[in-house]
Amino acid sequence: MGTAAPTQFGDIWRKMGNEEKKAAVQEEVERMNKLPANSAYASHCLRVLNKILQLMSQPRTSSKEKELEMLFAGLSL
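Residues numbered from 1 in each chain as written. Predicted model: local features only at pLDDT ≥ 70, side-chain atom pairs only at ≥ 80, totals over all residues. Heavy atoms only, no water.

Each helix and strand counted, the chain has four helices and zero strands in total. The N-to-C order of helical and strand elements in the chain reads α-α-α-α. Expressed as a percentage of its 77 residues, the buried residues of the chain come to 27%. Of the contacts formed within the chain by residues at least 6 apart in sequence, a portion of 48% connects residues at least 24 apart. Carbon and sulfur atoms make up 56% of the accessible area of the chain, which amounts to about 5,300 Å² in all. (Helix = DSSP H or I, 4+ residues; strand = E, 2+ residues; numbered from the N terminus. Buried < 20%, exposed > 50% of the residue type's maximum accessible area, 1.4 Å probe, protein only. Contact = heavy atoms within 4.5 Å. Areas by Shrake-Rupley, 256 points an atom, 1.4 Å probe, with all protein chains shown as cover.)

Okay, here's the thing in structure tokens:
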């Protein structure tokens, strides 16, 4: 049962357009920036979000696309 959520989210992720993905990530960055600056959780999430944005800005191979999908699914946006 624990593997159902990432699979369902992966389906949603694949259906989203690139601009929708970027908008969702930017929205989450804004949400994380509202948390206390010394929050370990917020710092970690911002590192992951920045990695997602970096991967999104580059041409992607299937392995990079899979890594991006796993990072995004791990955030539970």
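So, next bit.
Turning our attention to the pattern of salt bridges. Per the stated rule, a full pass over the model turns up one salt bridge. With a shortest N-O distance of 2.7 Å, arginine 31 and glutamate 28 are connected by a salt bridge. Remark: glutamate 28 and arginine 31 occur in helix α2 (residues 18-33); sequence separation between them is three residues, near one turn of the helix. Since its relative accessible area comes to 45%, arginine 31 is described here as partly exposed. (Salt bridge = Lys/Arg side-chain N within 4 Å of Asp/Glu carboxyl O.)

With that settled, the discussion passes to α2. Helix length check: α2, at 16 residues, gives a terminal C-alpha distance of 23 Å against a target of 22 Å (1.5 Å per residue), a fit within 8%. Taken as a whole, α2 has its buried residues at Lys21, Val25, Glu28, Val29 and Met32. Each buried residue of α2 sits inside an arc of 105° when the element is viewed along its axis, so together they form one side. Of the exposed residues in α2, the ones pointing more than 90 degrees away from its buried face are Glu19, Glu27, Glu30 and Asn33. (Expected span 1.5 Å × (residues − 1). Arc of directions from axis to C-beta.)

Turning next to the nonpolar core. Counting twelve residues, the largest nonpolar core is built from Val25, Val29, Met32, Ala42, Cys45, Val48, Leu49, Ile52, Leu55, Met56, Leu68 and Phe72. Taken together, the elements giving at least two residues each to this core come down to α2, α3 (40-56) and α4 (62-75). Residues within four places of methionine 56 in sequence aside, it is in contact with Asn18, Lys21, Lys22, Val25 and Leu68. (Core = buried A, V, L, I, M, F, W, Y, C linked by side-chain atoms within 4.5 Å.)

Moving on, we get to the confidence of the model for the chain. In low-pLDDT regions, the fine details of the predicted coordinates are not to be read closely. Mean pLDDT over the chain stands at 80; residues scoring 70 or higher make up 81%. Segment residues 1-6: pLDDT under 50, and zero contacts once partners within four positions in sequence are set aside and those in other chains are kept. (pLDDT = per-residue confidence, 0-100.)

A few words now on the side chain of glutamate 28. Overall, glutamate 28 belongs to the buried group, its relative accessible area being 10%. A distance of 2.7 Å separates the side chain of glutamate 28 from the side chain of arginine 31, its partner in a polar contact. (Polar contact = N/O pair within 3.5 Å; in protein donor to acceptor, adjacent residues only side chain to side chain.)

Attention now goes to α3. The terminal C-alpha atoms of α3, which comprises 17 residues, lie 24 Å apart, in line with the 24 Å expected from a rise of 1.5 Å per residue. Turning to α3, its buried residues number three or more, namely Ala42, Cys45, Val48, Leu49, Ile52, Leu55 and Met56. Buried residues in α3, looked at end-on, bunch into an arc of 150°, giving them a common side. Projecting away from the buried face of α3 at angles above 90 degrees are the exposed residues Ala40 and Arg47.

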